[in-house]
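Next come the chains, spelled out residue by residue.
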Amino acid sequence: MSAAATWAPAPEFSDRLRRNEPMSRHTSWHVGGPADWYFEPRDRTDIAAFIGVVPAGTPLHWVGLGSNLLVRDGGLRGVVIATHGALSRLERVSPTAVDVEAGVPCARIARQCVKWGLGPAEFFAGIPGTLGGALAMNAGAFGGETWTHVVDVDVVDRSGTIRTRAAAEYRATYRHVAAPVADEGYLAARLCFEPRPDASQDEIRDLLARRKASQPIGDWSCGSVFTNPPGDHAARLIEAAGLKGYRLGGAEVSLKHANFIVNEHGATAADLERLIAHVQQVVETRFGVRLATEVRILGEEAA
Ligand SMILES: Cc1cc2nc3c(=O)[nH]c(=O)nc-3n(C[C@H](O)[C@H](O)[C@H](O)COP(=O)(O)OP(=O)(O)OC[C@H]3O[C@@H](n4cnc5c(N)ncnc54)[C@H](O)[C@@H]3O)c2cc1C
């Protein structure tokens, strides 16, 4: 039994802390077994105090909107910190800078920046996660990328200490961020944009309509499962391998966009993971390219 399973947390956190919380409620694939502990903090101070009492060595998992997570059916050992709903401040702090807490949905950043006449921020509308997830993933869409706009970030470490780090301390590349210190969680970021007095909500609507035409938006998915290999597209390779519509258990390679795997028929996490492995194996055999997963796979297999 893990240390977290037998842990008795301090009573002051008990109204925000759930035991054996099914992660299927918190992932866009709607799969995933229970987390030992699931913490819904009040604010950043609450997070820092809480982390201070989590026993050393207990795994800590940061979760935003779970739109890039595959949690296995046996669940997550340790503690989940859920930022969505807690870290929700979004404020303009100078003519071009915006202070955003990690739980703010990216779509809200896009809409609010348009209202403030700032841009280019419309691309955030295409990312159905929080700013925290976008910082961890260097999420991007329609040619825009999260870290292009980061001035600095507020982070909290495993002792509960909060500090500000400059963007220059991080190395952000395509869907990957090398942080100076492992195991720090994002609490907020200062983002910088340009004045765009002509920015309009219509641009966001157009981008989303384009996306809806080519992707299975509305189905249960995690967006693109694989990153694009250099000079190519994962979707092209998967389609050329004849895998569109291929099904394993309740998981299916989307007929609309081959880099999406949808939970169409009551899939388990094991179905999804088996299909991911199958796609990787077939594409590698056919084209000699090993597709890397963009989705983060966590947790334990069912017993
Ligand atoms: C329909 C659909 C379309 C998508 N389209 C795109 C797209 O165009 N471009 C794109 O880049 N992505 C896309 N995604 C994937 C996903 O939305 C992004 O990766 C997003 O940034 C994940 O944010 P999240 O809050 O859901 O993170 P989660 O899925 O909750 O977490 C993802 C990772 O971020 C970490 N994390 C989350 N919050 C924090 C924090 N505060 N501190 C530290 N680490 C944290 C988690 O630990 C995990 O490793 C799509 C997903 C879906 C379902």
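Residues numbered from 1 in each chain as written. Predicted model: local features only at pLDDT ≥ 70, side-chain atom pairs only at ≥ 80, totals over all residues. Heavy atoms only, no water.

Visitor: Help me understand the overall build of the protein chain, please; the structure alone is not making it clear to me.
Guide: Helix and strand counts for the protein chain come out as seven helices and 20 strands. Rg of the C-alpha trace for the protein chain: 20 Å, near the compact-globule value of 19 Å for 303 residues, within the 12% margin. Projected onto the principal axes, the alpha-carbon positions of the protein chain cover approximately 55 × 55 × 30 Å. Residue burial in the protein chain is summarised as follows: out of 303 residues, 51% are buried. Carbon and sulfur atoms make up 51% of the accessible area of the protein chain, which totals about 13400 Å². Taking the average location of the 32 positive side-chain charges in the protein chain and that of its 35 negative ones, the two points are 2 Å from each other. (Helix = DSSP H or I, 4+ residues; strand = E, 2+ residues; numbered from the N terminus. Rg over C-alpha atoms; globule rule 2.2 N^0.38 Å. Buried < 20%, exposed > 50% of the residue type's maximum accessible area, 1.4 Å probe, protein only. Areas by Shrake-Rupley, 256 points an atom, 1.4 Å probe, with all protein chains shown as cover. Lys, Arg positive; Asp, Glu negative; His and termini not counted. Charge placed at Lys NZ, Arg CZ, Asp CG, Glu CD.)

Visitor: Quick question: what am I supposed to make of the pairing of strand E7 (residues 97-101) here?
Guide: On a regular strand, each side chain points to the face opposite its neighbour's, so the side chains alternate between the two faces of the sheet. Across the five residues that make up E7, a large majority, five, are buried. With burial as the criterion, each face of E7 is covered, one bearing Ala97, Asp99 and Glu101 and the other bearing Val98 and Val100. Bridge count for strand E6 (residues 90-92) against E7 is three bridges, and the pairing is antiparallel. Across the sheet, Arg92 pairs through a bridge with Val98, a residue of E7. Connecting E6 to the antiparallel partner E7 that follows it, the hairpin turn spans four residues. Here E7 pairs with strand E15 (residues 185-192) via five bridges, running antiparallel. Looking at E15, one finds that Glu101 is bridged to Ala188. (Pairing = 2+ DSSP bridges.)

Visitor: Looking at this structure, I do not really get the nonpolar core. What am I missing?
Guide: General note: in soluble globular proteins, nonpolar side chains tend to be found buried as a group. Within the largest apolar cluster, 34 residues are counted, with the highest numbers of intra-cluster contacts made by Phe124, Trp147, Val153 and Leu191. Looking at this core, the elements with two or more residues in it are E7, helix H3 (106-116), helix H4 (131-137), strand E11 (150-156) and E15. With five residues, the top contributor of residues to this core is H3. Excluding residues within four positions of it along the chain, Leu191 makes contact with Thr96, Ala97, Val98, Val100, Ile109, Phe124, Leu131, His149, Val150 and Val151. Listed in part, the 27 residues of the second largest apolar core include Ala258, Ala269, Ile276 and Val282. (Core = buried A, V, L, I, M, F, W, Y, C linked by side-chain atoms within 4.5 Å. Contact = heavy atoms within 4.5 Å.)

Visitor: When you look at the pattern of salt bridges in this model, what are you seeing that I'm missing?
Guide: A side chain with one charge may pair with a side chain of the opposite charge, provided their charged atoms come close. Scanning the entire structure with this criterion turns up 27 salt bridges. Here Asp154 ties to Arg44 by a salt bridge, and the two come within 2.9 Å at their closest N and O atoms. Here the residue Asp154 occupies a position in strand E11, and Arg44 occupies one in helix H2 (residues 44-53), the gap between them amounting to 110 residues. The exposure class of Asp154 is buried, given its relative accessible area of 6%. With a shortest N-O distance of 3.8 Å, Asp99 and Arg89 are connected by a salt bridge. In this pair, Asp99 sits in strand E7 while Arg89 sits in the loop between strand E5 (76-82) and E6, placing the two residues ten residues apart along the sequence. Residues joined in a network through salt bridges with shared partners are Arg44, Arg89, Glu91, Asp99, Glu101, Asp152, Asp154 and Arg190. (Salt bridge = Lys/Arg side-chain N within 4 Å of Asp/Glu carboxyl O.)

Visitor: How do you make sense of the site of the ligand when you look at a structure like this?
Guide: Close to the ligand lie 34 residues; Trp62, Gly64, Ser67, Thr130 and Gly140 are nearest. For the ligand, a nitrogen atom lies 3.4 Å from a polar atom in the backbone of Gly133. At a separation of 2.9 Å, a nitrogen atom of the ligand approaches a polar backbone atom of Tyr186. Burial of the ligand by the surrounding chains reaches 92%, relative to a free accessible area of 970 Å². (Near = heavy atom within 4 Å. Polar contact = N/O pair within 3.5 Å; in protein donor to acceptor, adjacent residues only side chain to side chain.)

Visitor: When you look at the environment of Gly74 in this model, what are you seeing that I'm missing?
Guide: Position of Gly74 among the secondary structure elements: in the loop between strand E4 (69-71) and E5. For the pair formed by Gly74 and Ala35, sequence separation is 39 residues and the distance between their alpha carbons is 8.9 Å.

Visitor: Just to check I follow, could you spell out the state of the cysteines for this structure?
Guide: What is meant by a disulfide is a covalent connection between two cysteines, made through their sulfur atoms. Counted under the stated rule, the structure contains zero disulfides. Unpaired in this structure, Cys113 has its nearest cysteine sulfur neighbour in Cys192, at a distance of 10 Å. With no disulfide of its own, Cys222 lies closest to Cys106 among cysteine sulfurs, the gap being 15 Å. Classification of Cys222 as buried rests on a relative accessible area of 5%. (Disulfide = S-S within 2.5 Å.)

Visitor: In this structure, what is going on with unusual backbone geometry? I would like to understand it.
Guide: Phi is mostly negative for residues that are not glycine, and the peptide bonds are mostly trans. Cis geometry marks the peptide bond from Gly119 to Pro120, where omega comes out at -5°. As for its position among the elements, Pro120 is in the loop between strand E8 (118-119) and H4. Notably, Asn138 is not glycine yet its phi reads approximately 45°, a positive angle. Checked against the element boundaries, Asn138 lands in the loop between H4 and strand E9 (140-141). In this structure Asn138 comes out as buried when scored by relative accessible area, which is 1%. One non-glycine residue, Arg175, adopts positive backbone phi at about 55°. Turning to its location among the elements, Arg175 is positioned in the loop between strand E13 (171-173) and strand E14 (176-178). The buried category is assigned to Arg175, whose relative accessible area is 17%.

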